[in-house]
Amino acid sequence: MKTILISLLLVLIGLPEIDAGGYYTPQRIPLPDEAWGNWFTTDENNEWVLGLYDSVAIVNNTIYTYEQIRKQDTHLLLALKDGKGNRQEWQLTPQAEHECFVQQIGSKQQLKLTRKQRAFRMKKEEPPQTPFLRRDTAFIQGYIDGYDTASGARTGLINLSNSFTDEACPTVIQIHPNGCFEGKFLLNHPTESYLTLGYNRVPFYIEPGQTLTLYVTIPEGLPGSHRAWTLALPTDGVQYMGPSASLCQVSYRNRQQFEYGYGELMKDRETYLPEQLKEKLQPMFRQWSQCADSIITADQYTDKAAHFLRNKMKLNMGNALLNFIVISKQQALKDTANSILQVNEGDDYYSFLHELPLHDETLLVNDEFSTFINRFEYLLPTGQKRAERLFHTQQTAIVPIVGQLVMTRSLCRELQAENDRETALALYRNKMKSINQPFLQAEVKRVFENAHPAENVSSYELPAGKATDIFRSIIQPHQGKLLLVSFWSTTCAPCRKGIEATAALRKQYKNHPECQFVYITSRKESSSTSYNNYVAKHLQGEASYLVSESDYHYLRELFRFNAVPHYRIIDKDGRVINRPIDSHQFADYLAKYFSQ
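Here's what I pulled together on the structure shown here. (Residues numbered from 1 in each chain as written. Predicted model: local features only at pLDDT ≥ 70, side-chain atom pairs only at ≥ 80, totals over all residues. Heavy atoms only, no water.)

### Quick notes on the layout of surface pockets
- When its volume is computed, the second largest pocket comes out at roughly 760 Å³.
- Lining the second largest pocket are 23 residues, with N419, I577, R579, Y589 and K592 sitting closest to its centre.
- Those elements giving two or more residues to the lining of the second largest pocket turn out to be α8 (401-417) and α16 (586-595).
- No other element matches α16, which puts four residues into the lining of the second largest pocket.
- Partitioning the lining of the second largest pocket into residue classes produces eleven nonpolar, eight polar and four charged. (1 Å grid on protein atoms, 1.4 Å probe; cavity = no way out; pocket = protein on both sides within 12 Å on 5 of 7 lines; lining within 4 Å. Points joined across faces, edges and corners; volume = space filled by probe spheres on them. Helix = DSSP H or I, 4+ residues; strand = E, 2+ residues; numbered from the N terminus. Nonpolar A, V, L, I, M, F, W, Y, C, P; charged D, E, K, R; others polar.)

Here is the structure:
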C-alpha cells in the first residue's frame, strides 16, 4: 500500500515512477525525428561526433542508453548513461537546414553540428607518436542501424592473425538485440582489418590501446531479412569515431583501389611468360602510383595516411606479381602439356622486391600484408644463398623486417610441429641467433614455451564460456570417446579432399566404441543444399553437424582458426590435444593410440 501511494504521488507531481524493485523507471518521450541520426562538425574536418538513435546515443567515442528525453522550450534535453554507470546530460537545439547546437550541461562550450556529410578531407591532427611494436588490448564497438534479430545474425567476426607467428586470432563480436555490438582483442601493432557482418566486410584501422566506434547501416527496404546481410554496404553506410577515425576512412574509401584479380592472372598465365607479365603490368603500376598521389593531394592526407596508402599500393603490386607465380606453379601441375606453364621464373623476376619497402615495419599495418607474406614464404626458395640475393641491396646487407618475419614464422611452425622438447629447445637456441628484433624474439619464446612447457602437458581443458558450451553440446552424444574433429566447408577443395581420402579409414573405425570422427561446418560456409548433397554422398551415417553462423564464429574463436580445413583431437576426458594434426595423419595417430 505504501509503494502504491508513493507511485500515485509521483505520477501526480510529474516525477518518474518507482518500479517494484524500488528503482525509478525513467519516463521519456520518443526521440524526435529532428534529433535522430548522425551529426557532423561544420568545420573543415566534418567529423562524425554524435549519433542519436531509437535506443542508444553515441558521443565522445562512447555508447550510452537514454535515462530521460524531454523537451524544454526549443531545446531537447538528453540524460545519458554508459555501460559503467557514468551519466551525462546534453542539450540539443535543432536549427534549420538540418543543423543543431549541442552542449553538455555544465559546459560553456557549444558546438554547431550538421547532418550533411561533405566530401572527405583528412583531419589534420594526428595522435601522439608511440612505439610501432607494442602489445595492448584494442576495443571495437558500434551500432547497426536497421538491425533486426530476425536476420538470424547474433555475432560478427574479425579475422585477426599474429603476423609474427602466423597464429590465427579470430575475435567474436557480440551483437545485442538493440543493434549495439562490441569486442576486444590483443594487438602487437597498428592494424587494418575487417569486421565481418553477414556477407559484408567493414574495413577499419585501429592501434593497440585504442577504442573505435562504428556506425553501420543495413540497406533500406530489407531491415529484418537475411538478404539484408548479403548486400554490399552503401558508400555512406559506415561512420567511424575515435582517435584513428580518419585512417579508418582512408581504409574504407580505398578498399577497392589497386586491385588486379585472380581472374585476370589466370588468363595471363595462359599466354605470358613471367618477364612478359611484369612488362605488361608496368603501365598499370604507374597508373596506380599516380592515382595514389592524386588521392593524397585531393583529400589532403597527412604524412601518416599518405604512407599508409602508398604501402597499400605497393603491397598490391607485389601481390599481383607473386600471385602470378603461385598460379603458374599450380597450373603447371595440372597442364603439363602447356610449354608456357613449364617455364620457371628466374631471380631477375623478383627484382621488384627492391622497389618495396621491405625494411619498413609499418608494412604490417596493411591488410594486404598477410597475403604478401604468405605468398612470399611460399615462393621464397629454401636455399639460403638465393634468399640472400633477393634480400640484398646496395645500401645494406641487413636482413629487412620482412626477412626477419619469414624466419620467425618458419621457426614458430617448426617448434609447434616438433614433438620432442629437447630437440625443439636445440632448434630454438640455434635459429634464434638469426633473429635480432627484440619483439620477434619475445614472440618466438612465447610460442616455444606454449608448445613445450617445462612440465610435459599433452592436452588442455577448454575454458568456461559460451563457445565451450556450444562445442560441448555438439559432442555430447560422443562423450567418452576419442574424437577426430574436422572443421570444413563444402566450397573448400582441400576439405573435400581430406574427407574423401579418409573414407577407408572411417570405414575401418565405423562403430568403434572408443573413437568417433566429427565434422562441423556452418550454414554460411556450406549452404543447406550443397551440405545435404555432399553429406549424402560422402558422409552418410557420420557425425556431421551444420551449425549457425554465430555458433561457428564462437567455435573459430575457441579453436583459433581463420581458414578451413582445421583439425582437432579431443581425448576421452574432453580435453584438447596440444599437437597440431592434419587429416593425412589420422591413420598413424589412431594406430599408435590404440596400440598403447
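What follows continues from the structure just given.
### Looking at the sheet that holds strand β12 (residues 155-158)
- One open sheet holds the eight strands; their spatial order is β18-β17-β12-β15-β16-β11-β19-β20, and the pairing between them is mixed. Two strands bound the open sheet, and with one partner strand each, they are β18 (200-206) and β20 (238-241). Direction aside, the axes of adjacent strands within the sheet are offset by 25° on average.
- Two strands pair when backbone bridges link them, and strand β15 (residues 171-175) and strand β16 (residues 180-187) are joined in this way by two bridges, in the antiparallel orientation. Opposite I175, over in β16, you have F181 as the bridge partner. (Pairing = 2+ DSSP bridges. Axes fitted to C-alpha atoms, helices over the stretch in contact; angles between N-to-C directions.)

### Some remarks on empty space enclosed by the protein
- Tallied over the entire structure, the rule returns two cavities of 30 Å³ or more.
- Put simply, the largest cavity is a space of about 50 Å³.
- Looking at the largest cavity, the residues that line it are S486, F487, W488, C495, G498, I499, T502, Y519, P565, Y567, S583 and F586.
- Where the lining of the largest cavity is concerned, the elements lending two or more residues are β22 (482-487) and α12 (493-501).
- Partitioning the lining of the largest cavity into residue classes produces eight nonpolar, four polar and no charged.

### As for the nonpolar core
- Of all hydrophobic cores here, the largest spans 91 residues; its most connected members are F185, F204, Y240, Y301, F369, F372 and V402.
- Among the elements that make up this core, the one with the highest residue count is helix α5 (residues 303-334) (14 residues).
- Excluding residues within four positions of it along the chain, F185 makes contact with D136, T137, A138, I140, I158, L160, T171, F204 and I206.
- Residues F471, I474, V485 and F559 belong to the second largest nonpolar core, which totals 23 residues. (Core = buried A, V, L, I, M, F, W, Y, C linked by side-chain atoms within 4.5 Å. Buried < 20%, exposed > 50% of the residue type's maximum accessible area, 1.4 Å probe, protein only. Contact = heavy atoms within 4.5 Å.)

### Points about the side chain of Q91
- Assignment of secondary structure puts Q91 in strand β8 (residues 87-95).
- With a relative accessible area of 15%, Q91 lands in the buried category.
- Discounting chain neighbours no more than four positions away, the residues touching Q91 are H75, L76, L77, F101, V102, Q103 and I105.

### Points about the sheet that holds strand β10 (residues 111-114)
- The eight strands lie next to each other as β3-β4-β5-β6-β7-β8-β9-β10, forming a closed barrel whose pairing is antiparallel. Looking at each pair of strands side by side, their axes are set apart by 35° on average, direction ignored.
- One ladder, built from two bridges, connects strand β3 (residues 37-41) with β10; its direction is antiparallel. Note that in β10 the partner of T41 across the bridge is L113.

### A look at the state of the cysteines
- With the rule as written, the count across this model stands at one disulfide.
- At a sulfur-sulfur separation of 2.4 Å, the disulfide partner of C492 is C495. On the sign convention where negative means left-handed, the S-S torsion of about 80° between C492 and C495 marks this disulfide as right-handed.
- By relative accessible area, which is 9% here, C492 ends up buried.
- Given a relative accessible area of 2%, C495 falls into the buried group. (Disulfide = S-S within 2.5 Å.)

### Considering the pairing of strand β17 (residues 191-197)
- By the criterion of burial, β17 is predominantly enclosed, with seven of the seven residues buried.
- Covered by surrounding structure in β17 are T191, S193, L195 and L197 together with E192, Y194 and T196, the residues of both alternating faces.
- Of the strand pairs in this sheet, β12 and β17 are connected by two bridges, and their pairing is antiparallel. Residue pairing for β17: I158 is matched across the bridge by L195.
- By the bridge criterion, seven bridges tie β17 to β18 in an arrangement that is antiparallel. Note on β18: the bridge partner recorded for E192 is Y205.
- Hairpin connection between β17 and β18: a loop of two residues separates the two successive antiparallel strands, and G198 in this loop has a positive phi of roughly 60°.

### Considering the packing of aromatic side chains
- Scanning the model with the defined rule gives 28 aromatic pairs in all.
- Residues Y53 and Y215 carry aromatic rings whose centres are separated by 5.5 Å and whose planes lie at 15° to one another, so their mutual orientation is stacked. Of this pair, Y53 sits in the loop between β4 (48-52) and β5 (56-59) while Y215 sits in strand β19 (residues 211-217), placing them 162 residues apart in sequence.
- Assessed through its relative accessible area of 7%, Y215 is described here as buried.
- Plain terms: the ring middles of Y509 and F594 are 5.9 Å apart, the flat faces sit at 25° to each other, and that makes the pair stacked. Linking Y509 in the loop between α13 (503-508) and β23 (515-522) with F594 in helix α16, this pair joins segments that are 85 residues apart in sequence.
- Y509 sits in the buried class, given a relative accessible area of 11%.
- Assessed through its relative accessible area of 28%, F594 is described here as partly exposed.
- Through successive ring pairs, a cluster of aromatic residues spans W36, W48, Y53, Y143 and Y215.
- Here the guanidinium or amino end of R201 rests over the ring plane of Y194, the centre of that ring lying 3.9 Å away. (Phe/Tyr/Trp six-rings, centres within 6.5 Å; stacked < 30°, edge-to-face > 60°. Lys NZ or Arg CZ within 6 Å of the ring centre and 35° of its normal.)

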